[in-house]
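Residue-level listing of the chains:
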Amino acid sequence: MRQFLILLLLASTLHLQAQKSSHAVLKSTDMNAVKWTGGFWAERFAITHDSILPRLWRIYNDPHISHAFTNFRIAAGLDTGSHQGPPFHDGDFYKLLEAMAAVYAVTKDKDLDEKMDAAITVIAKCQRPDGYIHTPVLIEERKNPGKTTACEDRLNFETYNMGHLMTAACVHYRATGKTTLLAVAIKAADYLAAFYRRSSPELARNAICPSHYMGIVELYRTTGNPVYLDLAKNLIDIRGLVNNGTDDNQDRTPFRKQYTAMGHAVRANYLYAGVADVVAETGDDSLHHNLDAIWTDLTEHKLYITGGCGALYDGVSPDAISYSPPDIQQVHQAYGRDYQLPNTTAHNETCANIGNMLWNWRMLQLTGKAQYADILEQSLYNSVLSGVSLDGDRYFYTNPLRASRDFPYNLRWSGGREEYISLSNCCPPNLARTLAEVSDYAYSFSTPGLTPNPGVYVNLYGSNTLTTPSIELTQQTNYPWDGKITLLIKKIPAASYSIFLRIPGWSKNATLTINGKPALNTTHTPGAAPANLPAPGSYAQLTRYWKAGDTIVLDLPMPATLIEANPLVEETRGQVAIRRGPVVYCLESPDLDSNTPLTSIAIPANASFHPVPTTIGNNHLTALEGSVRLLPKSSGHLYQELSKQTPISANIRLIPYYAWANRGPSDMSVWLPLYR
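Residues numbered from 1 in each chain as written. Predicted model: local features only at pLDDT ≥ 70, side-chain atom pairs only at ≥ 80, totals over all residues. Heavy atoms only, no water.

Draft legend 1. Representation of the packing of helix α10 (residues 211-223) against helix α11 (residues 226-237) in the model. Interaxial distance between α10 and α11 falls to 8 Å at its minimum, and their mutual angle equals 160°. Judged by the angle between their axes, α10 and α11 are roughly antiparallel. In terms of crossing hand, the pair formed by α10 and α11 is left-handed. Contacts from His 212, Tyr 213, Ile 216, Val 217, Leu 219, Tyr 220 and Thr 223 of α10 reach α11 at Pro 226, Tyr 228, Leu 229, Leu 231, Ala 232, Leu 235 and Ile 236. By residue class, the composition of the contact of α10 with α11 is 12 nonpolar, two polar and no charged. (Axes fitted to C-alpha atoms, helices over the stretch in contact; angles between N-to-C directions. Helix = DSSP H or I, 4+ residues; strand = E, 2+ residues; numbered from the N terminus. Parallel < 35°, antiparallel > 145°, perpendicular 65-115°, else oblique. Left-handed = near helix turned anticlockwise from the far one by under 90°. Contact = heavy atoms within 4.5 Å. Nonpolar A, V, L, I, M, F, W, Y, C, P; charged D, E, K, R; others polar.)

Right, dumping it as structure tokens:
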């Protein structure tokens, strides 16, 4: 009866409660408020709808490739057999459902709706009456009635899967208005709430890769049930309170004593995102302080230029002074030491990079500070997009910044993109939901009472329409290839209203006009002098009495820029990377003569690169072309005498890093030697 009443209440509050966080400066748009109309993100969205989703649906429904959905059928008693695949397979399928729901919110594609309905019917059928749902355990319970191992194995990913169930259910509900998956998620959350009340501290902390922090808070926002927020707060406080925690799971030390990015990068970033959700609902300043310190550590010491996270395949954490084995623990996909950022052996799992986006999005909503949008954009255009091929049919698990076919040994995750990553296919559905939901990040609205002026924040640039009951506008741009962005206001409140445009941290000499005249950043007064734009890495605030037909033009110059790393990053000493706008570029061997090894290319300190429109397959992008130096070829020995041969000039083409490995096996490097 209780769940029925909750669902009855939800039916009358569609889209409302999910948008409100008491302590967040910004609030999100509704799911279908933003629609891509052309250009970069319209192309990515179309590929998500036309290629990524149907391919993943086929793979997850084909038991000869993946048992993801078959496991649900077996658990529901609709099929026979044993569980196959990793224990987080359920979560993979929930992420796919979330992606399908997000695309459906925009397209109203009936085929997606029907497929989701069919899958949800099976998922609901396999759930236990007490709300527990995890197919590896449920299938074994069918084979051995009366015997259960629910929540006994901390490596079994039960709460991780349930967290993705909750998030998917909230998205599905907001996209369709249906409560079918939401009912399953509510039962699962009620199970977890009861489980944590009755369990011992050791058993209660049996959780790995905490997607459930985000899922539980999202369910609280959707239902308004305070039990879920209390559960999320408790999950943070019990971390690190028993003796069997690990640095690999960020729970050997209580979270409130953590001030650096550490441990397994995916689990860490999911944890930080979940904690940010709790802060947005509670205003807990002490947790906010932890997040600020960790964010500063990450961005100043451990973040790749691509936004990639988790430098090491395997590391140790903490970097203990003592050599006592109990003090030193192995950590997979590790945040390493400060400035430890290898290139060829960089791990940078796609899910970690997505987790970095999720965390920074929440920090942006919490504070309204553009620095978080900058990191979100940096990750999105580089280390997230690199995880999927341009045609949406093959994927990377890891995202190195250098690749060589002459490398003398095989890395654990190497060999190019794969249609199905058999040992760990968590990244493809994560990419699917991320690309389906990019439009949700484009705009935010100020929260009444927490900001001085009502207004809309423009976080990401791309051709789109924003349609809400109070404001309608269109955005026209060829971003990220061109920095000119035009906003046309079609509807806006009659009172004084603010429009906040992000000035990216990479930009210099931006210009901003309103109706062809230099912009004013205060309420419009006839005769007032134009004000200077704020510094890069902030929002330009335009406050005035607007009217339909007003046009804002923001112009962000995009010269190709040579970037050098802190000299303490040993792996990039004497090297540079090339960035244009938010896009990091790389050199790939298909763009070189077959007799020219990639290792012979050096970039002059005064190099000038110019943009050139091009295509790879059917995908439009902008390459860079310029003059470089060809160094003498290496002898191949470990050491050799320095050559005194004068390097010769040559012209090369660079492509966006995210676009590499789409033309067959290749060598690639983001960082290239500097020639002075």
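Draft legend 2. Spatial organisation of the pairing of strand β12 (residues 511-514). Side-chain alternation along β12 places Leu 512 and Ile 514 on a buried face and Thr 511 and Thr 513 on a face that remains uncovered. Here two bridges tie β12 to strand β13 (residues 517-518), and the two strands are oriented antiparallel to one another. Directly across from Thr 513, in β13, lies its bridge partner Pro 518. Between β12 and β13, which pair antiparallel in sequence order, lie two residues; one of them, Asn 515, sits at a positive phi of approximately 50°. (Buried < 20%, exposed > 50% of the residue type's maximum accessible area, 1.4 Å probe, protein only. Pairing = 2+ DSSP bridges.)

Draft legend 3. Region of the structure containing the environment of Thr 167. Inspection of the secondary structure puts Thr 167 in helix α7 (residues 158-176). Accessibility expressed as a relative area gives 13% for Thr 167, which makes it buried. Each C-alpha atom, one on Thr 167 and one on Leu 53, is 18 Å from the other, the two residues being 114 residues apart in sequence. Setting aside its immediate chain neighbours within four residues, Thr 167 contacts Glu 98, Met 214, Gly 215 and Arg 433.

Draft legend 4. Summary view of the packing of aromatic side chains. Tallying each qualifying case throughout the model produces 26 aromatic pairs. Plain terms: the ring middles of Tyr 272 and Trp 359 are 4.8 Å apart, the flat faces sit at 55° to each other, and that makes the pair tilted. Taken together, the residues Tyr 272 in helix α12 (residues 265-282) and Trp 359 in helix α14 (residues 350-367) connect sequence positions 87 residues apart. An angle of 55° between the planes, with centres 4.8 Å apart, marks the rings of Trp 361 and Tyr 441 as tilted. Of this pair, Trp 361 sits in helix α14 while Tyr 441 sits in the loop between α16 (427-436) and β6 (443-446), and the two are 80 residues apart along the sequence. For the pair formed by Trp 361 and Tyr 441, the shared burial category is buried. (Phe/Tyr/Trp six-rings, centres within 6.5 Å; stacked < 30°, edge-to-face > 60°.)

Draft legend 5. Spatial organisation of the pairing of strand β19 (residues 601-604). Burial along β19 is two-sided: the face carrying Ile 601 and Ile 603 and the face carrying Ala 602 and Pro 604 are both buried. Relative to strand β21 (residues 619-630), β19 runs antiparallel, the two sharing two bridges. Directly across from Ile 601, in β21, lies its bridge partner Leu 630. In terms of strand pairing, β19 meets strand β24 (residues 672-675) through two bridges, oriented parallel. If you follow Ile 603 over to β24, its bridge partner there is Leu 674.

Draft legend 6. Representation of the layout of surface pockets in the model. Quantified by volume, the largest pocket comes out at close to 770 Å³. Elements with a contribution of two residues or more to the lining of the largest pocket: α13 (285-302) and α15 (370-384). (1 Å grid on protein atoms, 1.4 Å probe; cavity = no way out; pocket = protein on both sides within 12 Å on 5 of 7 lines; lining within 4 Å. Points joined across faces, edges and corners; volume = space filled by probe spheres on them.)

Draft legend 7. Region of the structure containing α13. Taking 1.5 Å as the rise per residue, α13 with 18 residues should run 26 Å; its terminal C-alpha atoms sit 25 Å apart, in good agreement. Taken together, the buried positions of α13 are Leu 287, His 288, Asn 290, Leu 291, Ile 294, Trp 295, Asp 297, Leu 298 and Lys 302. (Expected span 1.5 Å × (residues − 1).)

Draft legend 8. Here's a closer look at the packing of α12 against α14. Running from N to C, α12 and α14 cross one another at 15°; their axes reach a closest spacing of 8 Å. The angle between α12 and α14 falls in the class roughly parallel. When you trace α12 past α14, the crossing you get is left-handed. Taken together, the residues of α14 that come into contact with α12 (itself represented by Ala 265, Val 266, Asn 269, Tyr 270, Tyr 272, Ala 273, Ala 276, Asp 277, Val 279 and Ala 280) are Cys 351, Ala 352, Gly 355, Asn 356, Leu 358, Trp 359, Arg 362, Met 363 and Leu 366.

Draft legend 9. A look at empty space enclosed by the protein. Summed over the entire model, instances satisfying the criterion amount to six cavities of 30 Å³ or more. Considering only enclosed or pocket space, the largest cavity measures out at about 670 Å³ in volume. Residue lining of the largest cavity: 37 residues in total, with Ser 28, Arg 174, Glu 218, Trp 361 and Arg 362 positioned closest to the centre. Of all elements in the fold, only β1 (26-28), α7, α10, α12, α14 and α16 reach the threshold of two or more residues within the lining of the largest cavity.

Draft legend 10. Spatial organisation of unusual backbone geometry. The omega torsion across Tyr 479 and Pro 480 is 10°, close enough to zero to call that bond cis. Assignment of secondary structure puts Pro 480 in the loop between β9 (472-477) and β10 (484-491). Positive phi, close to 50°, is recorded for Asn 348, a residue that is not glycine. The residue Asn 348 is located in the loop between β4 (329-334) and α14 in this model.

Draft legend 11. Structural detail: the side chain of Ser 386. Mapped onto the secondary structure, Ser 386 falls in the loop between α15 and β5 (402-403). Separated by 3.2 Å, the side chain of Ser 386 and the backbone oxygen of Ser 383 make a polar contact. If near-sequence neighbours (up to four positions away) are discounted, Ser 386 is found in contact with Phe 396, Asn 399, Arg 417, Tyr 657 and Tyr 658. (Polar contact = N/O pair within 3.5 Å; in protein donor to acceptor, adjacent residues only side chain to side chain.)

Draft legend 12. The confidence of the model for the chain, seen in detail. Confidence in the prediction of the chain, expressed as mean pLDDT, is 91, and 92% of residues score 70 or more. Confidence over residues 522-530 falls short of pLDDT 50; this stretch has 12 contacts with residues more than four positions distant or in other chains. (pLDDT = per-residue confidence, 0-100.)

Draft legend 13. Geometry of the sheet that holds strand β14 (residues 538-544). Pairing is mixed in the open sheet, where five strands are placed in the order β1-β6-β7-β11-β14. Looking at which strands have only one partner, the edges of the open sheet turn out to be β1 and β14. Going from strand to strand, the sheet's axes swing by 30° on average, the running direction of each strand aside. The pairing of β6 with strand β7 (residues 455-458) spans three bridges and is antiparallel.

Draft legend 14. The arrangement of the environment of Val 34 in detail. Tracing the chain through its elements places Val 34 in strand β2 (residues 34-36). Separated by 444 residues in the primary sequence, Val 34 and Asn 478 have C-alpha atoms spaced 17 Å apart. Leaving out residues up to four positions away in the same chain, Val 34 has contacts with Thr 29, Val 106, Ser 439, Ala 442, Tyr 443, Asn 464, Thr 465 and Leu 466.

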